[in-house]
Structures are given as C-alpha cells and as structure tokens.
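Take a look at the letters that make up each chain.
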Amino acid sequence: MNAGFEVLGTTVLWTDLIGNILALATVVFAIRRSLWTWPVQLTASVLLLAASVNAGLTGNALKQVMFGVLAVYGWVRWKSQGEELAVRPATYAERLFLAGTVVVGTALVGWFFFVTGLSWGAHAPLPEGYFLVAADAYIFVGSAVATWAQGRALTDFWLVWIAVDLVGVPLAFRSGLVVSGAVYAVFFVLVLTGFANWRKQEAVAV
C-alpha cells in the first residue's frame, strides 16, 4: 500500500496514481455508455481508499467508500437494462430532488465535517475554514448525487458534475494541489464532452 516512486522529491503512491487514472477512465466509459464504467470505478475507489488511508485522509477515505457503494448500485442498474443503455433527461421532480439533496446534504455534511474535523478545512483559520469545509462538503455531496443520477442513466448527472468541478478545480489550485487541479481540469473537459454525447443520444431516442 506504501509502494511508490519519487518525483521532484515527492513520493507518488502507485495506488494514488493508478486510482486517479482509472477514475478518469470511468468518465470515458460513461461517455460511451459502457457498463465497464462501474467495475473500473469500483477498482479506482478501492485503490484511492488505500491511498487515502495511507495518507491519513479519513474524509477522503469515506468518499471512496461512498463511490464504491454507488458503483455497485450503478453496475446493477445498468446491467438490468441490457446491452443498449437508454438515457433520458431528469423530470422536473427529479431535478428538484437532485438540487435539494445537494443543498441540504452540503449543510449536514458540512456541519459533520466541521465538528469531527474530518475536512482539512476544519483546521484552517476562521472564517476561511468555514468556506473550505463548505466547499469540501459540497464536492462530497455533489459527487454522490452525480454518481447516483448516473446510475439511473439521467443526462442531468453530467450537469451536477459540471457544478462540482466549478468549485473543485479552482479550490484545488488555490490550495496548491496542482496535480489534483490538473486532474479536475481534464475531468471537466471530459464531462462537457459526455454531456454533449448523452444529449445526442436523447435526441436519437425521441
């Protein structure tokens, strides 16, 4: 679990590197509506969980557990639809549910992260700490909501990911996490591509 290599004096864990590469691969498979997106995401979650535990990042480890559970959910849902996955836009009620879950979930998870100190932002000076914890909670909840909506083959899941990345990309660069910020930026481009692709599939299905 501690195996890695040195780059400019920094240790890069193989679990972290391969996990992030697989995480990006899940998006490519999702664009193609391939069932492979779920086993690949599950594998990425296991590897990133190991990397997070090794680094002592409890909050991030919990996020990987969440991704692993949702990957199993999505795998079962997509497999039940057969070879050709039918995608569709969310209904008005589903969009209210998605938005409401992000808002309420961010508030609850943010409070939990702050009082338990699970978010790295909880240890920052106030009021900056409040902002960082809120952003961390928003990314956590938004990621969960997007993955759940993906499991239901809702085109809107791409929009949720876009909303998450609009916070995640600048936050990573602002925090000095250049590699993470670069991964988020690539992820953002792939998400835009995926949204356009799934919209075309909606038009074909109509």
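No experiment lies behind these values; they were computed from the predicted model shown. (Residues numbered from 1 in each chain as written. Predicted model: local features only at pLDDT ≥ 70, side-chain atom pairs only at ≥ 80, totals over all residues. Heavy atoms only, no water.)

### Let's talk about the layout of surface pockets
A water-sized probe, rolled over the atoms, reveals where empty space remains. Of the voids in this model, the second largest pocket is the one considered here, and its volume is about 210 Å³. For the second largest pocket, the full set of lining residues is Arg32, Arg33, Ser34, Leu35, Trp78, Lys79, Gly82, Glu83, Glu84 and Leu85. (1 Å grid on protein atoms, 1.4 Å probe; cavity = no way out; pocket = protein on both sides within 12 Å on 5 of 7 lines; lining within 4 Å. Points joined across faces, edges and corners; volume = space filled by probe spheres on them.)

### Some remarks on the nonpolar core
Membership of the largest hydrophobic core comes to 42 residues, with the highest contact counts inside it found for Trp158, Trp161 and Trp198. For this core, the secondary-structure elements that each account for two or more residues are helix H1 (14–31), helix H3 (58–79), helix H4 (92–116), helix H5 (128–151), helix H6 (156–174) and helix H7 (178–205). With 11 residues, the single largest contributor to this core is H5. Taken together, domain 1 (1–85) and domain 2 (89–205) each give at least three residues to this core, which thus spans both. Leave out the neighbours within four places in its chain, and tryptophan 158 touches Val27, Ala30, Ile31, Leu190, Val191, Gly194, Phe195 and Trp198. (Core = buried A, V, L, I, M, F, W, Y, C linked by side-chain atoms within 4.5 Å. Buried < 20%, exposed > 50% of the residue type's maximum accessible area, 1.4 Å probe, protein only. Helix = DSSP H or I, 4+ residues; strand = E, 2+ residues; numbered from the N terminus. Domains from an automatic or database assignment. Contact = heavy atoms within 4.5 Å.)

### Digging into the packing of H3 against H5
Across the interface, H3 lies against H5 with an axial gap of 8 Å and an inter-helix angle of 10 degrees. Judged by the inter-axis angle, H3 sits roughly parallel to H5. For the pair H3 and H5, the contacting residues are Gly59, Leu62, Lys63, Met66, Phe67, Leu70, Tyr73, Gly74, Arg77 and Trp78 in the first and Ile139, Phe140, Ser143, Ala144, Thr147, Trp148, Gln150 and Gly151 in the second. Its residues placed into classes, the contact of H3 with H5 shows 10 nonpolar, six polar and two charged. (Axes fitted to C-alpha atoms, helices over the stretch in contact; angles between N-to-C directions. Parallel < 35°, antiparallel > 145°, perpendicular 65-115°, else oblique. Nonpolar A, V, L, I, M, F, W, Y, C, P; charged D, E, K, R; others polar.)

### Some thoughts on the UniProt feature "transmembrane region" (unreviewed entry) in the chain
As annotated in UniProt, the feature "transmembrane region" (unreviewed entry) corresponds to residues 12–31, 38–55, 96–118, 130–149, 156–173 and 179–198 in the numbering used here. Note that residues 130–149 is 100% helix and 0% strand, and that its end C-alpha atoms are spaced 28 Å apart. (UniProt positions renumbered as here; feature names shortened; annotations may be inferred.)

### Describing the side chain of glutamine 41
If you trace the backbone, glutamine 41 turns up in helix H2 (residues 37–55). On the accessibility criterion, glutamine 41 (9% relative accessible area) is buried. Non-local contacts of glutamine 41, meaning those with residues more than four positions away in its chain, are made with Thr26, Phe67, Ala71 and Thr147.

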